[in-house]
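A structural walkthrough
For reference, the chains in residue letters:
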Amino acid sequence: MSKCVLVTGGAGYIGSHTTVELTAAGYDVVIADDLSNSDMSGVEGVRAITGKEIPFVEMNCLDREAMEKLFSDYKIDAVIHFAAFKAVGESVAEPLKYYSNNVETFVTLLQTAAKFGVDNIVFSSSATVYGQPDVLPATEQTPRKPATSPYGNTKQMCEDILRDTVAASASLKGIALRYFNPIGAHPSALIGELPKGVPNNLVPFITQTAAGVRECLSVFGDDYNTPDGSCLRDYIDVVDLAKAHVTAVSRMLDGKNKERYEIFNIGTGRAVSVLELVNTFEKVNNLKLNYKIVGRRPGDVESVWADTTLAETELGWKAERSLDDTLKCAWEWEKRVRGL
Ligand code: WQD
């Protein structure tokens with residue numbers, strides 16, 4: 001019988017892509033999402049790609065009663081917890097919204113999982129926990145830096161909550177995946193990132209500028225201590241990232257984990273500058289992007305990229321998609337959304 005994975009936040013950007021890959025790998029999936037930062041188009045896209053009527057439950061993960069009903073309606077074997085808010089600036093303005101929605105929900109989820117004997121949890125963490133590392137690339141042993149936003153703090157807190165809950169349990173297993181910069185969209189262009197309002201992240205801003213929704217991309221700083229002066233990041237294709245979740249779930253369900261709580265970096269291991277990304281987007285999509293160099297964005301780190309050795313050796317996972325293909329898919333998705 002297929003194992004069933006609960007994907008919280010499964011209507012969202014990374015959750016929807018992960019649901020597709022879990023289904024392709026033979027798992028049953030149930031999606032729980034309150035649609036606060038997404039809509040049914042993600043679920044419909046997943047159903048169209050997989051050809052399966054993936055069950056969807058509209059609920060907030062803070063709602064303990066709804067959560068318990070979910071765990072009694074479905075025989076869940078593992079949970080991937082994506083449901084969270086992710087806007088750094090908003091988290092500074094409204095910290096309690098973030099502590100409640102990101103931390104309280106995770107506690108509720110872990111309590112419910114314990115009550116129903118569900119022992120396998122994957123948590124969506126972020127490279128943001130490293131801040132500006134002193135040594136690059138960042139390994140999983142690289143010290144975490146004090147968080148510079150409530151958003152970043154919730155990621156650190158949830159990692160610690162998972163670690164401590166695993167330590168106190170005789171059987172619980174947990175994996176935290178630290179994502180670098182997720183970008184791109186499904187090659188079908190049926191699912192992708194749908195930011196509400198003005199995008200904070202680089203790639204949605206680029207694709208919206210190319211589509212004429214935004215007038216001009218601002219490149220934040222060209223005076224960093226990097227080869228071309230713009231910031232360096234590790235951009236990971238969302239389909240590759242989704243597959244990392246499948247390997248993490250399988251590792252726990254197959255009893256292959258070495259420790260009951262484990263952390264993995266999920267990136268490409270390659271540093272790409274903002275200007276290199278912009279130039280690659282122009283080249284592969286054969287267009288010119290309207291952009292200008294402006295001052296640095298407060299709070300940005302200069303450079304961060306992953307050492308992915310552990311994910312490769314332990315999970316047997318490696319990023320496969322090229323930046324060219326990823327940026328082509330990002331553009332195909334934007335064009336579809338805009339009807340271009
Ligand atoms: C990437 C690079 C910008 C926009 C953030 C969060 C992190 C994570 C992912 C999310 C930087 C530059 C950007 C623009 C630009 N969490 N840039 N013009 O800042 O690395 O990480 O998103 O859930 O926690 O902090 O990603 O995409 O915002 O920026 O020049 O209009 O692009 O300065 O160098 P970042 P990003």
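Here we summarise the structure given alongside this text. (Residues numbered from 1 in each chain as written. Predicted model: local features only at pLDDT ≥ 70, side-chain atom pairs only at ≥ 80, totals over all residues. Heavy atoms only, no water.)

**Thoughts on the overall build of the protein chain**
- Each helix and strand counted, the protein chain has 11 helices and 13 strands in total.
- A globule of 340 residues ought to have a C-alpha radius of gyration of about 20 Å, and the protein chain, at 19 Å, matches this closely.
- Each principal axis of the C-alpha distribution contributes one length, and for the protein chain these read about 55 × 45 × 40 Å.
- Excluding contacts between residues fewer than 6 apart, the proportion of contacts in the protein chain whose partners are at least 24 apart in sequence is 79%.
- Charged side chains of the protein chain number 35 positive and 45 negative; the gap between the two group centres comes to 1 Å. (Helix = DSSP H or I, 4+ residues; strand = E, 2+ residues; numbered from the N terminus. Rg over C-alpha atoms; globule rule 2.2 N^0.38 Å. Contact = heavy atoms within 4.5 Å. Lys, Arg positive; Asp, Glu negative; His and termini not counted. Charge placed at Lys NZ, Arg CZ, Asp CG, Glu CD.)

**A word on the pairing of strand S2 (residues 28–33)**
- Burial within S2 is extensive, with five of its six residues counted as buried.
- On the question of chirality, the crossover connecting strand S1 (residues 4–8) to the parallel S2 by way of helix H1 (residues 13–24) is right-handed.
- Bridge count for S2 against strand S3 (residues 56–58) is three bridges, and the pairing is parallel. Along S3, the bridge assignment pairs Ile31 with Phe56.
- At this point the chain moves from S2, through helix H2 (residues 40–50), to the parallel S3, and the crossover so formed is right-handed. (Buried < 20%, exposed > 50% of the residue type's maximum accessible area, 1.4 Å probe, protein only. Right-handed = clockwise from strand over helix to strand, strands pointing away. Pairing = 2+ DSSP bridges.)

**Comments concerning the environment of Asp34**
- Summarising the element assignment, Asp34 is placed in the loop between S2 and H2.
- On the basis of relative accessible area, Asp34 is assigned to the partly exposed category, the value being 26%.
- When the C-alpha atoms of Asp34 and Ala210 are compared, they prove to be 31 Å apart, with 176 residues separating the residues in sequence.
- Every residue in contact with Asp34, bar those within four places of it in the chain, is listed here: Glu58, Met59 and Asn60.
- Side-chain polar atoms of Asp34 contact the side chain of Ser36, separated by 2.9 Å. (Polar contact = N/O pair within 3.5 Å; in protein donor to acceptor, adjacent residues only side chain to side chain.)

**Focus: the environment of Lys283**
- You can see Lys283 is positioned in helix H9 (residues 274–285).
- Judged by its relative accessible area of 56%, Lys283 is exposed.
- Along the primary structure Lys283 and Asp324 are separated by 41 residues, whereas in three dimensions their C-alpha atoms are 8.6 Å apart.

**Describing the layout of surface pockets**
- Approximately 150 Å³ is the volume attributed to the second largest pocket.
- Every residue lining the second largest pocket is listed: Tyr235, Asp237, Asp240, Thr268, Arg270, Val272, Ala319, Arg321, Ser322, Leu323 and Thr326.
- Only strand S10 (235–237) and helix H11 (323–338) provide two or more residues apiece to the lining of the second largest pocket.
- Within the lining of the second largest pocket, the residues separate by chemical class into four nonpolar, three polar and four charged. (1 Å grid on protein atoms, 1.4 Å probe; cavity = no way out; pocket = protein on both sides within 12 Å on 5 of 7 lines; lining within 4 Å. Points joined across faces, edges and corners; volume = space filled by probe spheres on them. Nonpolar A, V, L, I, M, F, W, Y, C, P; charged D, E, K, R; others polar.)

**So, the pairing of strand S5 (residues 120–126)**
- In terms of burial, S5 is largely enclosed, as seven of its seven residues are buried.
- As defined by bridge partners, strand S4 (residues 78–81) adjoins S5 across three bridges and the pair is classed as parallel. Paired with Ile80 across the strands is Val122, a residue of S5.
- Examined bridge by bridge, S5 and strand S6 (residues 173–179) share seven bridges and lie parallel to one another.

**Examining helix H8 (residues 238–253)**
- For H8, spanning 16 residues, the distance from its first C-alpha to its last is 23 Å, which sits close to the expected 22 Å at 1.5 Å a residue.
- When you tally the buried positions in H8, you get 13 out of 16 residues, the bulk of the element.
- Taking the backbone nitrogen of Val239 as reference, a side-chain oxygen 2.7 Å away marks Asp237 as the first, capping residue of H8.
- Phi turns positive, to about 65°, at Gly255, one or two residues after H8. (Expected span 1.5 Å × (residues − 1).)

**Looking at the pattern of salt bridges**
- Per the stated rule, a full pass over the model turns up 26 salt bridges.
- For Glu159, the salt bridge goes to Arg144, with nearest N and O atoms at 3.0 Å. Taken as a pair, Glu159 in helix H6 (residues 150–168) and Arg144 in the loop between S5 and H6 lie far apart in primary sequence, 15 residues in all.
- On the basis of relative accessibility, which here comes to 29%, the residue Arg144 falls in the partly exposed class.
- Shared partners join several salt bridges into a network, and the residues in it are Arg144, Glu159, Asp160, Arg163, Asp164 and Arg178. (Salt bridge = Lys/Arg side-chain N within 4 Å of Asp/Glu carboxyl O.)

**Notes on the site of the ligand**
- Residues in close proximity to the ligand total 20 residues, the closest being Leu202, Ser218, Arg233, Arg297 and Asp300.
- Tyr151 is positioned such that a nitrogen or oxygen atom in its side chain is 3.2 Å from an oxygen atom of the ligand.
- Within the backbone of Ser218, a nitrogen or oxygen atom sits 2.7 Å from a nitrogen atom of the ligand.
- Protein contact buries 86% of the 690 Å² of open area that the ligand shows by itself. (Near = heavy atom within 4 Å. Areas by Shrake-Rupley, 256 points an atom, 1.4 Å probe, with all protein chains shown as cover.)

**Topic: the packing of aromatic side chains**
- Taken as a whole, this structure holds five aromatic pairs when the rule is applied.
- Measuring from ring centre to ring centre gives 5.7 Å for Phe71 and Phe116, while their planes differ by 35°; the resulting arrangement is tilted. Of this pair, Phe71 sits in helix H3 (residues 64–73) while Phe116 sits in the loop between helix H5 (95–115) and S5, placing them 45 residues apart in sequence.
- For Phe71, a relative accessible area of 5% corresponds to the buried category.
- A relative accessible area of 33% places Phe116 in the partly exposed class. (Phe/Tyr/Trp six-rings, centres within 6.5 Å; stacked < 30°, edge-to-face > 60°.)

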